[in-house]
Amino acid sequence: MQIVRTLAETRAAVRALRAEKGSIGFVPTMGALHAGHRSLVQAARARCGAVAVSIFVNPTQFGPNEDFSRYPRTFAEDCEALREEEVDLLFAPEVATMYPADAVTVVRVEGLRDRLDGASRLGHFDGVATVVANLFQIVQPDAAFFGQKDAAQVAVLRRMVRDLHLPVEMAICPTVREADGLAMSSRNRYLSPEERRQALVLWRALQVAEALVKNGEQKAERLLEAMRSVFAALPDVRVDYLAVVDADTLLPVQDVRRGALLAAAAYVGTTRLIDNLLLPPEV
Ligand code: AMP
């Protein structure tokens, strides 16, 4: 695995890889890698001739009171995991490489930027869209692999790719979970043992709602009520949002007959966790 840090090195490495192996699959990450990230790498490996991964803790997607400075950084272990997955290229830039001091360009996906996580993390999706557009320009992948775990991010980035006519195929991979159902996340390592138990409430609430749908419930409000009551049993967990929305627009839907995204975000202690479940359209 070649590790590159500068734009010139990365461009040269990408050119060489494309000549040698054909297509390039790209997996952008913030590091602290887990099996969820590895599943994206495996999907890229299955679809493309070469696999490039980036590790960049992107400052512009963190709010002023968020965890940028304490976000887990485990570069040596991450490299080991990526070597095991036979990744060809790792791009690990410095902040100054991605954002020269005089850079002022921001990618804003209007509307979507304010919904779900964008409503409570102001500016978060501008940071995400800007860094991903930037990474796409540098790595020039044929396909890019993202996790369904971050459902609002998926909607924002798909729209950006469409609006800017970026020549990148977007591949969305299923959420990888711990044995008990907790969605894997780099932030799970912040949780105390007690919080780790409480964190399961997100997945439990989503499953309760899904079970109702399987029993014929179609009204979004009923599903929200059911999810709220699961959270009510754990007063220490503070709900950020519970939502039943269209997966592309992230706008609320009244009923789920045509499919919907069930999404939850909550603070377990000081750790903000998210999870979601896609309901298929009724057949
Ligand atoms: P992050 O490092 O948290 O920015 O995530 C990098 C990529 O990994 C994003 O596309 C995430 O959606 C994806 N990802 C994170 N957690 C999971 C998971 N549990 N299952 C699948 N993909 C994930």
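Residues numbered from 1 in each chain as written. Predicted model: local features only at pLDDT ≥ 70, side-chain atom pairs only at ≥ 80, totals over all residues. Heavy atoms only, no water.

Peer 1: Looking at this model, I keep getting lost on the overall build of the protein chain. Mind explaining?
Peer 2: The number of helices and strands found in the protein chain is 10 helices and 9 strands. For the protein chain, the C-alpha radius of gyration of 19 Å lies close to 19 Å, the compact-globule estimate for 283 residues. Oriented by its inertia axes, the alpha-carbon framework of the protein chain measures out at about 55 × 40 × 40 Å. Residue burial in the protein chain is summarised as follows: out of 283 residues, 54% are buried. Across the protein chain, contacts joining residues at least 24 apart in sequence account for 71% of those joining residues at least 6 apart. Carbon and sulfur atoms form 52% of the exposed surface of the protein chain, whose accessible area is close to 13,500 Å². Positive and negative side-chain charges in the protein chain, numbering 33 and 36 respectively, have mean positions lying 2 Å apart. (Helix = DSSP H or I, 4+ residues; strand = E, 2+ residues; numbered from the N terminus. Rg over C-alpha atoms; globule rule 2.2 N^0.38 Å. Buried < 20%, exposed > 50% of the residue type's maximum accessible area, 1.4 Å probe, protein only. Contact = heavy atoms within 4.5 Å. Areas by Shrake-Rupley, 256 points an atom, 1.4 Å probe, with all protein chains shown as cover. Lys, Arg positive; Asp, Glu negative; His and termini not counted. Charge placed at Lys NZ, Arg CZ, Asp CG, Glu CD.)

Peer 1: I keep staring at unusual backbone geometry and nothing clicks. Help me out?
Peer 2: Glycine aside, residues mostly have negative phi angles, and peptide bonds mostly take the trans form. We note that A32 has phi near 50°; this positive angle belongs to a residue other than glycine. Within the secondary structure, A32 sits in the loop between β2 (24–29) and α2 (35–47). Overall, the relative accessible area of 0% leaves A32 in the buried class. You will see that E86, though not glycine, has its phi angle at about 60°, which is positive. By secondary structure assignment, the location of E86 is in the loop between α3 (75–84) and β4 (89–91).

Peer 1: Teacher, can you tell me more about helix α1 (residues 7–21) here?
Peer 2: For an α-helix, the turn length of 3.6 residues means that residues three or four places apart are oriented alike. Over its 15 residues, α1 extends 21 Å from the first C-alpha to the last, a length consistent with the 21 Å expected when each residue adds 1.5 Å. Buried within α1 are the following residues: T10, A13, V14 and L17. End-on view of α1: buried residues confined to an arc of 100°, all on one side of the axis. Turned more than 90 degrees away from the buried face of α1 sit A8, R15 and A19, all of them exposed. Downstream of α1 by one or two residues, G22 has phi in the positive range, about 85°. (Expected span 1.5 Å × (residues − 1). Arc of directions from axis to C-beta.)

Peer 1: Honestly, helix α9 (residues 201–214) in this entry has me stumped. Any pointers?
Peer 2: Look at α9: 20 Å from first C-alpha to last across 14 residues, which is about the 20 Å you get at 1.5 Å a residue. Those residues of α9 hidden inside the fold are in contact with α8 (193–198), α10 (220–232), β7 (237–245), β8 (260–268) and β9 (271–279). Following α9 by one or two positions, G216 adopts a phi angle in the positive range, close to 105°.

Peer 1: What should I look at first to understand the site of the ligand in this one?
Peer 2: With respect to spatial proximity, 17 residues lie near the ligand, and among them M30, H37, D150, V176 and M184 are the closest. Between the ligand and the protein, one listed contact pairs an oxygen atom with a side-chain N or O atom of D150 at 2.7 Å. Within the backbone of M184, an N or O atom sits 2.9 Å from a nitrogen atom of the ligand. Those elements that provide at least two residues to the shell around the ligand are β2, α2 and β5 (143–147). At 3 residues, the largest contribution of residues to the shell around the ligand is made by α2. Residue composition of the shell around the ligand, by class: 8 nonpolar, 7 polar and 2 charged. (Near = heavy atom within 4 Å. Polar contact = N/O pair within 3.5 Å; in protein donor to acceptor, adjacent residues only side chain to side chain. Nonpolar A, V, L, I, M, F, W, Y, C, P; charged D, E, K, R; others polar.)

Peer 1: Help me understand the pattern of salt bridges in this model?
Peer 2: Tallying each qualifying case throughout the model produces 20 salt bridges. Here D163 ties to R159 by a salt bridge, and the two come within 3.6 Å at their closest N and O atoms. One end of the pair, D163, and the other, R159, are both in helix α7 (residues 151–163), 4 residues apart, so they sit about a helical turn from each other. With relative accessibility at 32%, the residue R159 sits in the partly exposed group. (Salt bridge = Lys/Arg side-chain N within 4 Å of Asp/Glu carboxyl O.)

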